[in-house]
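# Secondary and tertiary structure notes
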Amino acid sequence: MSTETTLDELPMAKALNAGLRQALADDPKVLLMGEDIGPLGGVFRVTEGLQAEFGKERVVDTPLAESGIIGTAIGLALRGYRPVCEIQFDGFIYPGFDQITSQLAKLTNRGGGAFSMPVVIRVPYGGHIGAVEHHQESPEAYFAHTPGLRLVSPSTPNDAYWMIQEAIASNDPVMFFEPKSRYWPKGPVDFTASAAPLHASRIVRTGTDVTLVGHGAMVSVLLQAAEVAQGEGVSVEVVDLRSLSPVDYGPILDSVTKTGRIVVAQEASGFVSVGSEIAATVAERAFYSLEAPVLRVSGFDTPFPPAKLETLFLPDADRVLEAVDRAMAY
Amino acid sequence: MTDSPTVRFLTAGGAFEPTPGAEEYASYLERIGETELRRFYRDMAVVRRFDQEGTNLQRQGQMALWVPSHGQEGAQVGSAYAARPQDHIFPSYREHAVGLVRGIDVLAIVELLRGNTHGGWDPTDPSNGNFHGYCLVIGSHSLHATGYAMGLQRDGLVGTGDPEVDSAVLAYFGDGATSQGDVSEAFVFSASSQTPNVFFLQNNHWAISVPVTVQSRTPLYLRSRGFGVPSVQIDGNDVLASYAVTAKHLDEARAGHGPQFIEALTYRVGAHTSSDDPTKYADQAQHDLWVSRDPIIRLEKYLRSLGEGDAFFAEVAAEAEDFAADIRHRTLALTPPDKALIFDNVYSEPHPVVTEQKQWLERYEASFDTSPEASSVTKEQA
């Protein structure tokens, strides 16, 4: 365990707040826009205090219209600004879908490189918070399918602090998926050392028998599963994707070459998902290393259920371990 | 804000008879003289001939699609000349005349519709007059125009009082677009931030085959008022009305007085695109009525009443022919784009997937190379 004195224990929401504050301070072209992000600080308080510090021109409470938020952010980017849009909840992003997929994702290409689209779209996503319909979804796959976008998702406060700044510094559109169930648990944040590159995946626990891959809130579930498996004599390696598009396959393929078994886990429904894509790629590229079929653990292919049933819908450590058992049976 | 009657200076017959609604705009005509009127006429006539050439070239297989502008030249040329050089223009996809006035090489429109490019001109190149790219998803660009204007505000380019500095954004869309949520959201956002936007609606009465009466039961210029965006309706086939009204409201936008909505009543004399068939739906009597209100003939009659003679009109006709011939020659000389266009600029920064697929396509294509050079290399390697 590190004994660095630069480490602060912060919840992810406050780490993001610190990262946004740093980005606003570093570059006068950065501005935040979204619903309720001003005096309220956003429904999750991620932007708390930032309007008071940087003013209403740089932390903009917008009208309540997602297409309008993304569409005007595109215009601001054409003018040389670096807008960071907050979508209030995962399930509210769809009114902005056309502006994201038909305009934001394609404008750099349409313009032949004459201009960039440095827009970040922050999306609090995922379940485990007991909320009503449209407030617990994982819509990554819709956007991962769209060329021109980059998708990332931090799993720790430290990654959240650094990755939001890296996303804002990127000249491409970045969709920043924030695992909202991880907003509150505290973790160490190192304010002095820069983090890994934005699109690098990372091995967060080493093991020799089976590889688990996931992103966002799923990473803590995988670590929990790995701990249980350890007690049962199964050595589990865990890879935190961090980037969903592009996927950094290096650490994943290195790991599965070593373990010969892999389980890909996610909260999202499984059909045509990020997990499906990773499973297919591992099967193509690591075929001769595999001792067992590539397995997937996902949310069911149903609408996200009412909150009292969410624990049955969302993969937990037991669901992951069930897949680990199946992989180990080969 | 009063319910102002339609603004018109020139009657369909070319007589200078301003309507009551035109009075508050009359002083803006003092900015232009006969030189400018001749320029308006010249550009309208050249673009009409360009448009005809585009249709011809499409029919001859040079383009998959053509988007005619016939009939809307008055609305486009007048408003385009009202913009100052520092203003920014966000067109839809039928604003060929606006592009010409702002200085783009309109061959780029041919290249776009031919399938050589999704863009065609660089809006960041000053020689293109801040004319942004065509936008094919109806109404989407109204929000880009609003965001751009929010940027101008933050750059301190609004309301300084310096006419060389103060800037506005002029966005064009059609009657169909007014039904899109994005246009309503553009009104909301522009009103909320009091952006320097002028939204210029060309109501050409048709959204492909659907008449404007399906889009709205009330005159469209009233649409924006509930959003807090003042508005005016003009005779869009009167280039003077288009110029004067746009000039006034761009001035007000640059001065920081917020957005404005202009509805220009005009008519799409031709088809929506070359793939359309107006004989299935268009009303002949309505068509004939609007042809009798033609913006180019109207200005010709006015210019003749001011003393302009046959020589000028013959000169413009010859120039239009030359322009069309030049477009034809350059269209026939176009070559297909390089395959790198598929992959380059999908992202601004390096992307492993795009890089890998670009290299894969090169290897794949090379694997079919049966030229002597390729086979000799194979033999040597063997």
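Residues numbered from 1 in each chain as written. Chains lettered and ligands numbered in written order. Predicted model: local features only at pLDDT ≥ 70, side-chain atom pairs only at ≥ 80, totals over all residues. Heavy atoms only, no water.

## A word on the overall build of chain B
The line we're drawing: Helix and strand labels come from DSSP, where a helix needs a run of H or I of at least four residues and a strand needs a run of E of at least two; each type is numbered from the N terminus. Radius of gyration: over C-alpha atoms. The globule rule applied is 2.2 Å multiplied by the number of residues raised to the 0.38 power. Using a 1.4 Å probe on the protein chains alone, a residue whose accessible area is under 20% of its type maximum counts as buried, one over 50% counts as exposed, and one in between counts as partly exposed. The contact rule is simple, with two residues in contact once any of their heavy atoms fall within 4.5 Å. Each accessible area value is a Shrake-Rupley result obtained with a 1.4 Å probe; residue values ignore everything except the protein chains displayed when judging cover. None of His or the chain ends enter the tally, which takes Lys and Arg as positive and Asp and Glu as negative. The atoms used to mark charge sites are NZ of Lys, CZ of Arg, CG of Asp and CD of Glu.
Counting its secondary structure elements, chain B contains 14 helices and seven strands. Over its C-alpha trace chain B gives a radius of gyration of 23 Å, about what one expects of a compact globule, namely 21 Å for 382 residues. With the C-alpha coordinates aligned to their principal axes, the bounding extent of chain B is approximately 90 × 50 × 40 Å. Burial analysis of chain B (382 residues in total) assigns 53% to the buried set. For chain B, restricting intrachain contacts to residue pairs at least 6 apart in sequence, the fraction spanning at least 24 positions comes to 76%. As displayed, chain B has an accessible area near 16,000 Å², and 53% of this comes from carbon and sulfur atoms. Mean positive and mean negative side-chain charge positions of chain B (30 and 51 charges, respectively) differ by 4 Å.

## A closer look at the domain arrangement of chain B
Our working rule: An automatic or database domain assignment supplies the residue ranges for each domain.
What the domain assignment reports for chain B is domain 1 (20–332) and domain 2 (340–381). Measuring from the centre of the C-alpha atoms in domain 1 of chain B to the corresponding centre in domain 2 of chain B gives 43 Å.

## What about the domain arrangement of chain A?
Residues and elements named next belong to chain A. Spelled out, the test is: Buried area is understood as the total, over both parts, of accessible area removed when two parts are fitted together, assessed with a 1.4 Å probe. Definition used for salt bridges: Asp or Glu carboxyl oxygen within 4 Å of a side-chain nitrogen of Lys or Arg. We define a polar contact as two N or O atoms separated by no more than 3.5 Å, with the added condition that, inside protein, one atom must be a possible hydrogen donor and the other a possible acceptor, whereas residues neighbouring each other in sequence contribute only through side-chain atom pairs. Gly is put with the polar residues, along with every residue not named as nonpolar or charged; the nonpolar set is Ala, Val, Leu, Ile, Met, Phe, Trp, Tyr, Cys and Pro, and the charged set is Asp, Glu, Lys and Arg.
Annotation of chain A at the domain level lists domain 1 (9–190) and domain 2 (202–328). On a C-alpha basis, the centroid separation for the pair domain 1 and domain 2 is 26 Å. Roughly 1,800 Å² is buried in total at the junction of domain 1 and domain 2, and carbon and sulfur atoms are behind 53% of that figure. One salt bridge in this structure joins R242 and D159, with 2.8 Å as the shortest N-O distance. Run the count over domain 1 and domain 2 and you get 12 residue pairs in polar contact (both at pLDDT 80 or more). When its residues are assigned to classes, the side of domain 1 that touches domain 2 shows 11 nonpolar, nine polar and four charged.

## Considering the pattern of salt bridges
Evaluation of the coordinates by the stated rule reveals 38 salt bridges over all chains. Note that B:D155 is salt-bridged to A:R79, the shortest N-O span being 2.6 Å. Pair noted here: B:D155 is in the loop between α5 (140–154) and β2 (169–174) and A:R79 is in the loop between α3 (66–78) and β4 (82–86), and the two residues belong to different chains.

## Section: the packing of α3(A) against α5(B)
Put simply, the rule reads: With axes taken as lines fitted to C-alpha atoms, and helix axes fitted only over the stretch in contact, angles between N-to-C directions fall between 0 and 180 degrees. The labels follow the angle: roughly parallel below 35 degrees, roughly antiparallel above 145, roughly perpendicular from 65 to 115, and oblique for the rest. Note on convention: near helix rotated counterclockwise from far helix by under a right angle means a left-handed crossing. Clockwise means right-handed.
It is the contact of α3(A) with α5(B), at a shortest axis distance of 6 Å, that shows an interaxial angle of 55°. For the element pair α3(A) / α5(B), the angle class is oblique. Taken as a pair, α3(A) and α5(B) cross one another with a handedness that is right-handed. Taken together, the residues of α5(B) that come into contact with α3(A) (itself represented by A:S67, A:G68, A:G71, A:T72, A:I74, A:G75, A:L76 and A:L78) are B:L143, B:H144, B:T146, B:G147, B:Y148, B:M150, B:G151 and B:R154. When its residues are assigned to classes, the contact of α3(A) with α5(B) shows six nonpolar, nine polar and one charged.

## Digging into the nonpolar core
Selection rule: Only buried residues count toward a nonpolar core. Its members are Ala, Val, Leu, Ile, Met, Phe, Trp, Tyr and Cys residues joined through side-chain atoms within 4.5 Å.
Within the largest apolar cluster, 70 residues are counted, with the highest numbers of intra-cluster contacts made by B:V7, B:F9, B:Y41, B:L240 and B:L299. If near-sequence neighbours (up to four positions away) are discounted, B:Y41 is found in contact with B:I296, B:L299, B:E300, B:L303, B:F312, B:F313 and B:V316. Within the second largest apolar cluster, 68 residues are counted, among which are A:Y81, A:V274, B:F90 and B:Y148.

## Observations regarding the UniProt feature "domain: Transketolase-like pyrimidine-binding" (unreviewed entry) in chain A
Rules: UniProt positions are given in the numbering used here, feature names are shortened, and annotations may be inferred rather than shown by experiment.
Feature annotation in UniProt assigns "domain: Transketolase-like pyrimidine-binding" (unreviewed entry) to the following positions: residues 10–185 of chain A. Counting secondary structure, residues 10–185 of chain A comes out at 36% helix and 17% strand; the distance between its end C-alpha atoms is 8 Å.

## Things to note about the interface of chain B and chain A
Listed by partner, the interface residues are 41 residues for chain B and 43 residues for chain A. For the pairing of chain B and chain A, the buried interface totals around 3,100 Å² over both sides, and the portion due to carbon and sulfur atoms is 55%. For the pair chain B and chain A, the number of links is four salt bridges. At the junction of chain B and chain A, the tally comes to 21 residue pairs in polar contact (both at pLDDT 80 or more).

## With respect to the packing of helix α1 (residues 12–26) of chain A against helix α7 (residues 157–169) of chain A
Residues and elements named next belong to chain A. Where α1 meets α7, the closest approach of the two axes is 8 Å, and the angle between their N-to-C directions is 30°. In terms of orientation, α1 lies roughly parallel with respect to α7. As for the relative orientation of α1 and α7, their crossing is right-handed in sense. Taking contact as the criterion, the partners of M12, A15, L16, A18, G19, L20, Q22, A23 and D26 in α1 are, on α7, P157, A160, Y161, I164, Q165 and I168. Tallied by class, the residues present in the contact of α1 with α7 amount to 11 nonpolar, three polar and one charged.

## With respect to the sheet that holds strand β6 (residues 231–235) of chain B
All names here are of chain B. To keep things clear, this is the line we draw: We treat two strands as partners when DSSP finds at least two bridges between them.
Taken in spatial order, the five strands make up an open sheet running β1-β2-β3-β7-β6, and their pairing is parallel. Single-partner strands in this sheet number two, and they are β1 (88–90) and β6. The mean inter-strand angle of the sheet, taken between neighbouring strand axes irrespective of direction, is 20°. In this structure, strand β3 (residues 197–203) lies alongside strand β7 (residues 260–265), joined through six bridges in parallel fashion. Of the residues in β7, the one forming a bridge with N203 is L265.

## Looking at the sheet that holds β4(A)
Residues and elements named next belong to chain A. Strand order in the open sheet formed by seven strands is β3-β2-β4-β5-β7-β6-β12, and the pairing between neighbours is mixed. Of all strands in the sheet, those bounded by a partner on one side alone are β3 (59–61) and β12 (243–245). Sheet twist, expressed as the average angle between the axes of neighbouring strands with direction ignored, equals 20°. Bridge count between strand β2 (residues 30–34) and β3: three bridges; the pairing is parallel. Looking across to β3, one finds that M33 is bridged to V60. Lying on the sheet, α1 is in contact with β2, β3, β4, β5 (120–125) and β7 (174–179); it crosses β2 at an angle near 135°.

## Here we look at the environment of A:E35
Residues and elements named next belong to chain A. By secondary structure assignment, the location of E35 is in the loop between β2 and α2 (50–54). The exposure class of E35 is buried, given its relative accessible area of 4%. Residues E35 and G299, 264 residues apart in the sequence, show an inter-C-alpha distance of 29 Å. Excluding residues within four positions of it along the chain, E35 makes contact with D61, T62, P63, L64, A65, E66, I69, E86 and Q88. Within the local environment of E35, its side chain forms a polar contact with the backbone nitrogen of A65, the two atoms lying 3.5 Å apart.

## Remarks on the UniProt feature "domain: Dehydrogenase E1 component" (unreviewed entry) in chain B
Summarizing the sequence annotation, UniProt attributes the feature "domain: Dehydrogenase E1 component" (unreviewed entry) to residues 42–307 of chain B in the numbering used throughout. A helix fraction of 41% and a strand fraction of 12% characterise residues 42–307 of chain B, whose end C-alpha atoms lie 16 Å from each other.

## Examining α3(A)
Residues and elements named next belong to chain A. Cut-off, in case you're wondering: Expected span, for any helix, means 1.5 Å times one less than how many residues it has.
Between its terminal C-alpha atoms α3 stretches 18 Å, which fits the 18 Å expected from 13 residues at 1.5 Å a residue. By the criterion of burial, α3 is predominantly enclosed, with 13 of the 13 residues buried. G80 sits one or two residues past α3 and shows a positive phi near 105°.

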